[in-house]
Amino acid sequence: MTADTDDDRPRHRQTPGGGVAPEARPIEPAAPEEFGLVQAFWGDGKGKTTAAMGMGFRAAGHGYRVHMLQFMKGGADSVDDVRGEYNAIAAMPGFSYENTGHYGWHNMADGSREEDHESEANAGFDRTRDLVAGAGEADLDSPFPLDSDPADGVHMLILDEILYAADRDLVAPEAVCDLIETKPDGLELVLTGSHTEPTYLTDHADLISEISKRKHPIDAGQRARSGTEY
């Protein structure tokens, strides 16, 4: 009995790919046809950063240029100094990251200085403006080299924990809205963070998802785990 070929497999017109299971293909530089929306993930549940990075990996898998800039994630006693996502991003063509956070969490009495959090958040937002400006000067309808400098333009920019920084008034919510309104049309912008609803985004974001908590192991004393939280 011989193995089925692609032509021998049953095909169903109403399913993607005609019913044939998709296979991985080499990643080549490409440009998206329909990018340009603003997405925001907030809430007291686990999964905001995870959702944003998952979308980033999906976009990078298509050959689109993706960059993640992290606010407010400079490390804490509950996590190791190496996060799994950094290793995974480094191994993914077309996906890059940078971290502008300061040790600890703002207003959490963890030994970190509030003025350091503020200065780091401001530096992160200055860098964000540079990245958005770079995208504005680039041709977002064209592919970028997978190892290109993100300041030369990206198709998707993930601003992880920027909403947390805005919730703490380390970054002005009005500045976040201005950033959205001045971004180039083809740049997909993804914002995460904050347990408090970012109502200021209602008229500026295309998608706002609340990640709400129904049960969380941290409430039972479970610390962050390698491979799931970092």
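So, a few notes on the structure that sits alongside this text. (Residues numbered from 1 in each chain as written. Predicted model: local features only at pLDDT ≥ 70, side-chain atom pairs only at ≥ 80, totals over all residues. Heavy atoms only, no water.)

1. Structural notes on the sheet that holds strand 5 (residues 188–192)
Filter applied, for reference: Only strands joined by at least two bridges in the DSSP assignment are considered to pair. Under the scheme used here, helices are H or I runs from DSSP no shorter than 4 residues and strands are E runs no shorter than 2 residues, and both carry numbers assigned from the N terminus. Comment: axis = line fitted to C-alpha atoms, over the contacting stretch for helices; angle = value between 0 and 180 degrees taken between N-to-C directions. Any two residues having at least one pair of non-hydrogen atoms within 4.5 Å are treated as being in contact.
Pairing is parallel across the open sheet formed by 6 strands, whose spatial order is 3-2-4-5-1-6. The sheet is open, and its two edges are formed by strand 3 (95–99) and strand 6 (207–210), each paired on a single side. Pairs of neighbouring strands in the sheet enclose a mean axial angle of 15°, with direction left out of account. By the bridge criterion, 4 bridges tie strand 1 (residues 38–42) to strand 6 in an arrangement that is parallel. When the sheet's bridge partners are listed, Gln 39 is paired in strand 6 with Leu 207. Along the sheet, helix 1 (residues 48–61) contacts strand 1, strand 2 (66–70), strand 3, strand 4 (156–160) and strand 5; its crossing angle with strand 4, the most-contacted strand, is approximately 165°.

2. As for the packing of aromatic side chains
Selection rule: Pairs were defined over the aromatic rings of Phe, Tyr and Trp, the Trp ring being its six-membered one, requiring ring centres within 6.5 Å. Orientation was assigned from the angle between planes: stacked under 30 degrees, edge-to-face over 60, tilted for the rest. Relative accessibility thresholds used throughout: buried, under 20% of the residue-type maximum; exposed, over 50%; partly exposed, between the two (1.4 Å probe, protein chains only).
Applying the stated criterion to the full structure yields 3 aromatic pairs. Aromatic pair Phe 35 and Tyr 64: ring centres 5.3 Å apart, planes at 75°, arrangement edge-to-face. Here Phe 35, found in the segment before strand 1, pairs with Tyr 64, found in the loop between helix 1 and strand 2; they are 29 residues apart in sequence, far enough to count as distant. The buried category is assigned to Tyr 64, whose relative accessible area is 15%. A ring pair is formed by Tyr 86 and Tyr 97, whose centres lie 4.3 Å apart and whose planes are at 5°; its orientation type is stacked. Remark: Tyr 97 occurs in strand 3 and Tyr 86 occurs in helix 2 (residues 84–90); sequence separation between them is 11 residues. You can call Tyr 86 buried: its relative accessible area is 11%. When its relative accessible area of 33% is taken as the criterion, Tyr 97 is described as partly exposed.

3. Focus on the nonpolar core
Heads up, the rule is: For our purposes a nonpolar core is just a set of buried Ala, Val, Leu, Ile, Met, Phe, Trp, Tyr and Cys residues, chained together by side-chain atoms within 4.5 Å.
Ranked by size, the top nonpolar core spans 33 residues in total, and within it Phe 71, Leu 159, Val 176 and Leu 191 carry the most contacts. Excluding anything up to four places from it in sequence, Leu 191 contacts Val 38, Gln 39, Ala 40, Phe 41, Leu 159, Ile 162, Leu 163, Val 176, Ile 180 and Leu 201. Judged by nonpolar contacts, the second largest core, of 15 residues, contains Ala 52, Val 66, Met 156 and Ile 211.

4. Points about a negative patch on the surface
Filter applied, for reference: The residues that make up patches have over 30% relative accessible area and no salt bridge, and they are joined within 9 Å when like-charged or within 5 Å when they are Val, Leu, Ile, Met, Phe, Trp or Tyr. Note on areas: these come from Shrake-Rupley sampling with a 1.4 Å probe, and a residue is covered only by the protein chains present in the view. One side-chain nitrogen of Lys or Arg within 4 Å of one carboxyl oxygen of Asp or Glu is enough to make a salt bridge. All tallies of charge rest on Lys and Arg as positive and Asp and Glu as negative; His and the ends of each chain are not included. By convention, the charge on Lys lies at NZ, on Arg at CZ, on Asp at CG and on Glu at CD.
Side chains of Asp 167, Asp 169, Glu 174, Asp 178 and Glu 181 sit close together on the surface and give a patch of like negative charge. Examined against the element boundaries, Asp 169 turns out to sit in the loop between helix 4 (162–167) and helix 5 (173–182). Overall, Asp 169 belongs to the exposed group, its relative accessible area being 61%.

5. So, helix 1
To keep things clear, this is the line we draw: The length a helix should cover is 1.5 Å for every residue beyond the first. By construction, the arc corresponds to the directions joining the helix axis to the C-beta atoms.
In this model, helix 1 (14 residues) spans 20 Å end to end at C-alpha, consistent with the 20 Å of a helix rising 1.5 Å per residue. Those residues of helix 1 lying buried are Lys 48, Thr 49, Ala 52, Met 53, Gly 56, Ala 59 and Ala 60. Viewed end-on, helix 1 has its buried residues packed into an arc of 120°, placing them on one side of the element. In the core, the buried residues of helix 1 are packed alongside strand 1, strand 2, helix 2, strand 3, strand 4 and strand 5.

Any link to function would need more than the numbers given here.
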